[in-house]
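Read off the chains here:
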Amino acid sequence: MSKLVLTEEETMLADMARGFLDGAAPVTAFRKLRDAGETHDAKLWKEMADMGWAGVLVPEDAGGSDMGFAAANVLAGEMGKTLVMSPFLSTAVMAATALRQVSDARAKDALAKIASGDVTYALAIDEGIKHDPDATTMEAKADGNGFRLSGKKTFVVDGAMADRLLVLAKTENGLTLFDIPADRAGIAREKSNMIDARDAAKIDFSNVEATGDDVLGQVDDAMSVLKPALQAGQAALAAEMAGLTAGAFDMTVGYLKERKQFGTEIGRFQALQHRAAHLWCETEVTASAILNAGRMMDNDPENADLAVSLAKAKATSTAILAVQEGVQMHGGIGMTDAFDMGFYMKRARVGAEWLGDFSYHAEKVAALRGF
Amino acid sequence: MSQGQTAEEFRAELRDWLEANCPQEMRDGGMTEDGICWGGKNWVFTSEAQKQWLERCAAKGYTVPTWPKDCGGAALNREQEKIFTEEMGRINARSPLESFGIWMLGPALLHFGTQEQKTHYLPPIARGEVRWCQGYSEPGAGSDLANVQTHGADKGDHWLVNGQKIWTSYADQADQIFALVRTDREAKKHLGISFLLIDMEDAGVETRPIKMISGISPFCETFFTDVKVPKANIVGTENRGWDVAKYLLTHEREMISGGGAGLSGGGRSLGAVLTDTLDTLDATLRADAMRCEIDALAIGLTLERYKDQAEAGQGAGDASAMLKYMGTELNKQRHEIMMTAGGSAALEWDGDVGNRAGDWLRTKANSIEGGTSEVMLSIVSRRVLGLPA
């Protein structure tokens, strides 16, 4: 029976990750990348790969560290605390999980390249302004032994820099997932100017050729490959958001202890104390939902739907609360670009939207809970 | 159950036992005010099945499954306890016995009591023979609980107790009371309190029920006039009763946070509860209910997580304040939603949707009793966040 308590290994992993990230990727590093207009730090990603993070979900026989979903969540959480920019979620969590559902030599080779940090992926799923894979309209028309893909994808996170794309498209009797190089003829990528200063792209597919070999899993059955990948991403994103919540919260509580007004620390005011305390309570409750999601994904993935949607919904509402309280309690300085709180607020908003917003996951919870 | 039994063997054995021993009438959840069996000398069983169910469980130690066997329990470990909760929930079994002895005094005695006190007081609690009530609050000691003034004068072999308690739940039906009594008026307020066990039949003990907004009188005033309490009836050390009181409060808070919202174990989803009835659920109310359900699930998992942490030796210091605050606020919200969903039918006492109004009004006490939400937030603020007092 799995317990809702961090194992010794997980605690060590978190400590180790924190130590590394405080040195290699503090918020100041994120700020530098933002100022330079960079959305990817190749050197950092290589270092993460060398530590086994890129291969956190890659089997050992493909060169991965195969630490499991709960461990991936631990890493995502630590990255969230300092707003680390990396393709961890799209490549190491989602693409790796999708590829793992397929047991052929090509998938194994792709997993090995993920683990080594040599190949990055992005998921081209969404077409409208809301996450809704079932509503995919992009078509993959049968063409000889292969397909021709035409249509538009939007909010493709890491889509401008990724080496490869997992593309969801309609085929004759369902949806099919394709694994194709991002520079294939007919693909036009337009980088979006995102509020969180990260990589996301709008991608236009114009009669793009895909062979049967490019199909990941079975034709017309994308979801058996994609659903576990999305769930892994949703859980890890929830963990990242809990991390950014912790980052914003620590800054805020620190500020309450040092900022003086009316001749005393503002943290002496009960109005602020109780709001901060309430926020802490929310972070504790959210932590339980995230830990549970990791445990369910590792131990009972077939029945993890409720746990994952609960984690993403709860992490979303808590993160939104944390950054709002963060800015408000900092007052005017919280509104300035020179101060980091705004970064947390903008990342929280993007995280809230990505892979299903609060309502999307609340509806899933409701459906599973008899509403 | 035997040592060395695997979890699955334990589950199978328990499932068979429950199947054979839990009367059909006791398989309806039954955690409403009417369905609870409180036990005690004055208890009148509502059915033969309720009596049978209590006796069968008590014989196995299942009224207090985690307590040691010589205290009336079944000595289940954390994993077995989880299985026990799951299997009880699976057949929607009623809890065989609830009492302040189980929730509050028991844990305090297990921690602070002498071996003699444990084996003397706990088995009758486990068997439902003795019902306890709690003598904490006073008219001048609500949120400022350590300000209790009920006084125990040292008379050599006994204390002579005088004073008044309030909000003593079910004191009129209880056999015994655990009370905070000032035994040193000179010391600082936290350091002059003793934790005493008093027989409700003693000369000089009187109770008077207080009618509440819910129409019922679960709370009482309790008066002590020259009540003789033997020196042996103290838990812990003289004048250090505040340590016992605080420890007990953490259990009370966990009980209030989880019990009310039906969060632990077979708690039913709000969606299922609302769909079962003829309630209307418009889009706005449905959204509120969904938020409530999400919070209920997450708080329920947090209860589990803290239990797991406690078992792993990672004590979550002031977690009970957090759980109490979150659980009770949620429970109030849940009942607001149920009232709205019930429409005008919910506005009648014992109408078509049962005692929904009474239950709703009762929940308003949740965020007051056992420490108000504001006191809980102040505890978190000071002890967890380290904000200046």
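Within each chain, residue numbers correspond to sequence positions counted from 1 in written order. Key to labels: chains lettered from A, ligands numbered from 1, both in the order written. Selection of residues for local features in this predicted model requires a pLDDT of at least 70, selection of side-chain atom pairs for listing and counting requires 80 or more, and totals for whole chains, interfaces and linings are taken over all residues.

Naming follows an unreviewed UniProt entry, where chain B appears as Alkylation response protein AidB-like acyl-CoA dehydrogenase of Sulfitobacter undariae. UniProt positions are given in the numbering used here, feature names are shortened, and annotations may be inferred rather than shown by experiment. According to UniProt, the comment filed for chain B under the heading Sequence similarities (unreviewed entry) is "Belongs to the acyl-CoA dehydrogenase family." The UniProt entry for chain B carries the following comment under Cofactor (unreviewed entry): "FAD".

The name an unreviewed UniProt entry assigns to chain A is Alkylation response protein AidB-like acyl-CoA dehydrogenase, from the organism Sulfitobacter undariae. In its Cofactor (unreviewed entry) section, the UniProt entry covering chain A states "FAD". In UniProt, chain A has this text filed under Sequence similarities (unreviewed entry): "Belongs to the acyl-CoA dehydrogenase family."

Draft legend 1. The overall build of chain A, seen in detail. A run of H or I in DSSP becomes a helix once it reaches four residues, and a run of E becomes a strand once it reaches two; helices and strands are each numbered from the N terminus. Helices and strands together make up the secondary structure of chain A, namely 11 helices and 9 strands. Radius of gyration means the value over C-alpha atoms here, while the globule rule gives 2.2 Å times the residue count to the 0.38 power. A compact globule built from 371 residues would reach a C-alpha radius of gyration of about 21 Å, and chain A, at 21 Å, matches this within 12%. Seen along its three principal axes, the alpha-carbon backbone of chain A occupies a region of about 80 × 50 × 45 Å. Residue burial here comes from a neighbour count, namely the number of other C-beta atoms, placed from the backbone, that lie within 10 Å of the residue's own C-beta, with 20 or more meaning buried, 12 or fewer meaning exposed, and in between meaning partly exposed. In chain A, which comprises 371 residues, the share counted as buried stands at 54%. For chain A, the share of sequence-separated contacts (at least 6 apart) that also reach a separation of at least 24 residues comes to 75%. Remark: residues whose backbone-derived C-beta atoms lie within 7 Å of one another are considered to be in contact.

Draft legend 2. Here's a closer look at the overall build of chain B. A tally of regular secondary structure across chain B gives 11 helices and 8 strands. By the compact-globule yardstick of 21 Å for 389 residues, chain B fits well, its C-alpha radius of gyration being 21 Å. With the C-alpha coordinates aligned to their principal axes, the bounding extent of chain B is approximately 65 × 50 × 45 Å. Counting across all 389 residues of chain B, residues that qualify as buried make up 46%. Residue pairs at least 24 apart in sequence account for 72% of intrachain contacts in chain B once pairs closer than 6 positions are excluded.

Draft legend 3. Region of the structure containing the environment of Thr284 of chain B. Of note, Thr284 of chain B is situated in helix 8 (residues 283-311). For the pair formed by Thr284 of chain B and Val44 of chain B, sequence separation is 240 residues and the distance between their alpha carbons is 44 Å.

Draft legend 4. Region of the structure containing the interface of chain B and chain A. Counting residues at the interface gives 34 residues for chain B, matched by 33 residues for chain A. Three residue categories are used. Nonpolar comprises Ala, Val, Leu, Ile, Met, Phe, Trp, Tyr, Cys and Pro, charged comprises Asp, Glu, Lys and Arg, and polar comprises the others, including Gly. When its residues are assigned to classes, the side of chain B that touches chain A shows 18 nonpolar, 8 polar and 8 charged.

Draft legend 5. Summary view of unusual backbone geometry. If you check the backbone angles, Trp167 of chain B has positive phi at about 60° while not being a glycine. With phi around 45°, Asp350 of chain B is a residue other than glycine that occupies positive phi space.

Draft legend 6. Summary view of the UniProt feature "domain: Acyl-CoA dehydrogenase/oxidase N-terminal" (unreviewed entry) in chain A. Under the UniProt annotation, "domain: Acyl-CoA dehydrogenase/oxidase N-terminal" (unreviewed entry) lies at residues 7-118 of chain A. As annotated, residues 7-118 of chain A comprises 65% helix and 0% strand, and the C-alpha atoms at either end are separated by 31 Å.

Draft legend 7. Just the domain arrangement of chain A, in detail. Residue and element names in this part refer to chain A. We note that the domain assignment places domain 1 (8-120), domain 2 (122-214) and domain 3 (223-368) within chain A. Domain 2 puts 10 residues into the contact, and the matching count from domain 3 is 11 residues. Residue composition of the side of domain 2 that touches domain 3, grouped by class: 7 nonpolar, 1 polar and 2 charged. Residue ranges for the domains trace back to a domain assignment, done automatically or taken from a database.

Draft legend 8. Layout of the UniProt feature "domain: Acyl-CoA dehydrogenase/oxidase C-terminal" (unreviewed entry) in chain A. Per the UniProt record, the feature "domain: Acyl-CoA dehydrogenase/oxidase C-terminal" (unreviewed entry) sits at residues 225-365 of chain A. Counting secondary structure, residues 225-365 of chain A comes out at 79% helix and 3% strand; the distance between its end C-alpha atoms is 22 Å.

Draft legend 9. Geometry of the domain arrangement of chain B. In terms of domain boundaries, chain B breaks down into domain 1 (7-105), domain 2 (132-239) and domain 3 (243-384). Each of domain 1 of chain B and domain 2 of chain B was reduced to a C-alpha centroid, and the two centroids are 30 Å apart.

Draft legend 10. How the structure looks around the pairing of strand 2 (residues 151-154) of chain B. Residue and element names in this part refer to chain B. Pairing between strands is defined by DSSP: at least two bridges between the two strands are required. Sheet topology places strand 2 next to strand 3 (residues 158-166); 4 bridges connect them, and they run antiparallel. Counterpart to His151 in the pairing with strand 3 is Asn162. The hairpin formed by strand 2 and strand 3 contains 3 residues between the paired strands, and Gly156 there has a positive phi angle of roughly 85°.

Draft legend 11. Molecular detail of the confidence of the model for chain B. Residues and elements named next belong to chain B. pLDDT runs from 0 to 100 and stands for how confident the predictor is about each residue. Of all residues in chain B, 93% have pLDDT values of 70 or greater, and the mean over the chain is 90. Low pLDDT, under 50, characterises residues 260-266; the predicted model gives this stretch 30 contacts beyond four residues in sequence or across chains. On the interface metric, ipTM, the complex scores 0.93, and its pTM is 0.90.

Draft legend 12. Structural detail: the packing of helix 9 (residues 305-330) of chain A against helix 10 (residues 341-353) of chain A. All names here are of chain A. Fitting a line to C-alpha atoms yields each axis, with helices limited to the stretch in contact; the angle taken between N-to-C directions then spans 0 to 180 degrees. Axis separation between helix 9 and helix 10 bottoms out at 9 Å; the angle between their running directions is 160°. As judged from the angle between their axes, helix 9 and helix 10 are roughly antiparallel. The chirality of how helix 9 crosses helix 10 is left-handed. Taken together, the residues of helix 10 that come into contact with helix 9 (itself represented by Thr316, Ala319, Ile320, Val323, Gly326, Val327 and His330) are Met341, Tyr344, Met345, Ala348, Gly351 and Ala352. Here the contact of helix 9 with helix 10 is composed, by residue class, of 9 nonpolar, 4 polar and no charged. In these notes the angle categories are as follows: under 35 degrees is roughly parallel, over 145 is roughly antiparallel, 65 to 115 is roughly perpendicular, and the rest is oblique. Handedness of a crossing is defined here by the sense of rotation of the near helix relative to the far one, left-handed for an anticlockwise turn of less than a right angle and right-handed for a clockwise turn.

Draft legend 13. The arrangement of the UniProt feature "domain: Acyl-CoA oxidase/dehydrogenase middle" (unreviewed entry) in chain B in detail. Mapped onto this structure's residue numbering, the UniProt feature "domain: Acyl-CoA oxidase/dehydrogenase middle" (unreviewed entry) falls at residues 133-227 of chain B. Taken end to end, residues 133-227 of chain B is 0% helix and 47% strand, and its two terminal C-alpha atoms sit 17 Å from one another.

Draft legend 14. Focus on the UniProt feature "domain: Acyl-CoA dehydrogenase/oxidase N-terminal" (unreviewed entry) in chain B. As recorded in UniProt, the feature "domain: Acyl-CoA dehydrogenase/oxidase N-terminal" (unreviewed entry) lies at residues 48-129 of chain B. Along residues 48-129 of chain B, the helical share is 62% and the strand share 0%, with 16 Å between the first and last C-alpha atoms.

Draft legend 15. Representation of the pairing of strand 7 (residues 219-230) of chain B. Note that strand 3 of chain B and strand 7 of chain B share 8 bridges and pair antiparallel. In the sheet register, Leu160 of chain B faces strand 7 of chain B, and the bridge partner there is Lys228 of chain B.

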